[in-house]
Amino acid sequence: MPLLIKNISIAIGKKELLHDESVGIPDGSKVGLIGRNGVGKTTFLKAILGQADYTGKIEFAGKTAYFSQHIELDPHKIVRQTIGESAEVHHQNHFEKELQEIEKKLSDPAMYQNNNAQLTKMTDRFVELQAKISQQQIPRSTKIKSIIRAFEVQDSWLDQTVGSLSTGQRAIIALAQVLSSDADLLLLDEPTNHLDFKRLDILENYVRDFKGTVIIVTHDRYFLDRVCDTIIKIEKGKWIKYNGNYSDYLKTRENAFAAQTTAFELETKYIAIEKDKIARIGKSPQKVKQGQYRERLLEKREIIEKPDKDESNFKTHFDASPIQGDIVLELHDLTVGYEKPLISNINLNVGKGQRLILTGENGMGKSTLLKTIEGRVPPISGKIVFDSQAKLGYADQELKDLSTSGTLYDEIHFLLKDHAKTRQNLSMMGFIENHEVFKSISQLSMGEKSRLSLLKILIGKPNFLLLDEPTNHLDIDAREIIEKAFLNYDGAILAVSHDRYFIKKIAQRMLNASNGAIKEFPVK
């Protein structure tokens, strides 16, 4: 069944996110919903669920399940209990009622008299609905076992509390709840954040093979290429629908921009020539009338606006405090973990200005290692030695270091105590206009929070950055801008990441956490 959006408008306060937009999404589509941070992607998904106010119509005669980028699982519950609970399913379908209506029509002898096209269409729909109902009759216990097996959920996780799991493990459990539901429409909001490479591949395959419709908000460029057959971009209160995957979208958009640029330049040149002709016309009554006639013709011409790619246009750079030594960090036989070791006997040197990427499956202890180096988690054993001039900056993937009240301006002004410097620094992360700068932190999108969190860290001019999934939540433009800033950064970086584009651009050294140890392998 298709998802039909008719004349929808959405606003938050005085800010209009969408204005009178319509789109049809065919059954079985895999749609990538993209756009800059804060344009309303998550709000649109919530509108489909009936959890955000809107005007217009949203029509879908089926069941919908939603994966939230905020992983809101009860931390005190046992994983086995949590995974046994289905995600909330929205919108009850009307399969049974439609099936009864078709059966009634098919029992009418008049249907079989010279109405072959309609009969064929109705019979096909009857078969389709029967298949859907039989699919719904598969016990959820069978589906959840299949999902657990596919995502390689370990038996050792099941008897732990949810709060004891890593962020990536919690994401897998939340995904399992959604994917094992009997929904026909899946709304996945940043499902690739926190997942390791193996689970990313598993999710890609699952979404591709899913018989229903999927709308995915993600800024993972590989995922958009491998999974999506449609891209919808939200920009300036409108959306534009593109057929194909992300690479197809880029080509189409570039071609359209080039054509619009040519048309704008030709029109601008034509208008300049015509205005020059009008200016040269004499001042006799006949000439004045001729000039007025030409001006009216110009006024009636369709206006060709200057094309705009709707790209983030902020520029940023990261300053590092000077350091004389060649080695910023030394780890000697370091073992990290909690009640039990997660990674043991780590021996590692990080050189001045080096960029290291740490990968590994969810739950291997990567975030714990960063927290141990930063000092939030005590080491089980071993030594952590910093250069005497080392200045550390740590970015937590869950953005817990941001205050929950106040505005962006308040957050940064508290550190700088200077109005001009506060505005200058906020502009470096794309927060320029007053409505952005004085926005409440509680109203920010996750991508906007991620940029603000990174800015807070970089104000101190650290020369060694510990980054835990630094590109999570950032829109594609912001990722590329910040990737460029990291390439020009003079300090050292140790980052946990599964963003394949980021790794390809940034990594000088590659580390992998596996089987309780860290090993270095060549950069490809």
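Everything numeric in this text was worked out from a predicted model, so none of it was measured.

*Asks:* Teacher, can you tell me more about the side chain of Asp475 here?
*Replies:* Secondary-structure assignment places Asp475 in the loop between strand 16 (464–468) and helix 17 (476–487). The side chain of Asp475 sits in the buried core without any salt bridge; Arg451 is the nearest counter-charge, 4.9 Å away. Polar side-chain contacts of Asp475 include one of 3.1 Å to the backbone nitrogen of Asp477.

*Asks:* In this structure, what is going on with the packing of helix 13 (residues 408–416) against helix 16 (residues 446–458)? I would like to understand it.
*Replies:* For any two helices packed against each other, the geometry comes down to the angle between their axes and how far apart the axes lie. Where helix 13 contacts helix 16, the two axes come as close as 10 Å, and the packing angle between them is 10°. Compared by their axis directions, helix 13 and helix 16 come out roughly parallel. Contact with helix 13, carried on its side by Leu408, Glu411, Ile412 and Leu415, involves Leu452, Leu455 and Lys456 of helix 16 and no other residues of that element. Looking at the contact of helix 13 with helix 16 residue by residue, the classes come out as five nonpolar, no polar and two charged.

*Asks:* Looking at this structure, how should I read the pattern of salt bridges?
*Replies:* Close approach of charged atoms lets side chains of opposite charge pair. Taken as a whole, this structure holds 29 salt bridges when the rule is applied. In this structure, Arg221 and Glu480 form a salt bridge, with 3.6 Å as the shortest nitrogen-oxygen distance. In this pair, Arg221 sits in helix 9 (residues 221–227) while Glu480 sits in helix 17, placing the two residues 259 residues apart along the sequence. For Arg221, a relative accessible area of 3% gives the class buried. On the accessibility criterion, Glu480 (36% relative accessible area) is partly exposed. Of the charged contacts in the structure, one is a salt bridge between Arg376 and Asp401, with a shortest N-O distance of 2.8 Å. On the criterion of sequence distance, the pair formed by Arg376 in the loop between helix 12 (366–374) and strand 14 (381–386) and Asp401 in the loop between strand 15 (392–395) and helix 13 is long-range, its members being 25 residues apart.

*Asks:* Explanation requested: the layout of surface pockets in the structure shown.
*Replies:* Taken as a whole, the second largest pocket encloses approximately 960 Å³ of empty space. The wall of the second largest pocket is formed by 37 residues, among which Ser164, Leu165, Ser166, Gln169 and Leu342 lie closest to the centre. Contributing elements (two or more residues each) for the lining of the second largest pocket: helix 6 (155–158), helix 7 (167–179), strand 12 (341–351) and helix 12. For the lining of the second largest pocket, a count of residues per class yields seven nonpolar, 17 polar and 13 charged.

*Asks:* What is the right way to look at the packing of helix 13 against helix 14 (residues 419–428) in this model?
*Replies:* The geometry of helix 13 relative to helix 14 is characterised by a closest axis approach of 9 Å and an angle of 125° between their N-to-C directions. Classified by the angle between their axes, helix 13 and helix 14 sit oblique to one another. As helix 13 packs across helix 14, the resulting crossing turns out to be right-handed. Contacts from Leu408, Tyr409, Ile412, His413 and Leu416 of helix 13 reach helix 14 at His419, Lys421, Thr422, Arg423, Asn425 and Leu426. Looking at the contact of helix 13 with helix 14 residue by residue, the class counts come to five nonpolar, four polar and two charged.

Calculation criteria
Residues numbered from 1 in each chain as written. Predicted model: local features only at pLDDT ≥ 70, side-chain atom pairs only at ≥ 80, totals over all residues. Heavy atoms only, no water. Helix = DSSP H or I, 4+ residues; strand = E, 2+ residues; numbered from the N terminus. Buried < 20%, exposed > 50% of the residue type's maximum accessible area, 1.4 Å probe, protein only. Lys, Arg positive; Asp, Glu negative; His and termini not counted. Salt bridge = Lys/Arg side-chain N within 4 Å of Asp/Glu carboxyl O. Polar contact = N/O pair within 3.5 Å; in protein donor to acceptor, adjacent residues only side chain to side chain. Axes fitted to C-alpha atoms, helices over the stretch in contact; angles between N-to-C directions. Parallel < 35°, antiparallel > 145°, perpendicular 65-115°, else oblique. Contact = heavy atoms within 4.5 Å. Nonpolar A, V, L, I, M, F, W, Y, C, P; charged D, E, K, R; others polar. 1 Å grid on protein atoms, 1.4 Å probe; cavity = no way out; pocket = protein on both sides within 12 Å on 5 of 7 lines; lining within 4 Å. Points joined across faces, edges and corners; volume = space filled by probe spheres on them. Left-handed = near helix turned anticlockwise from the far one by under 90°.

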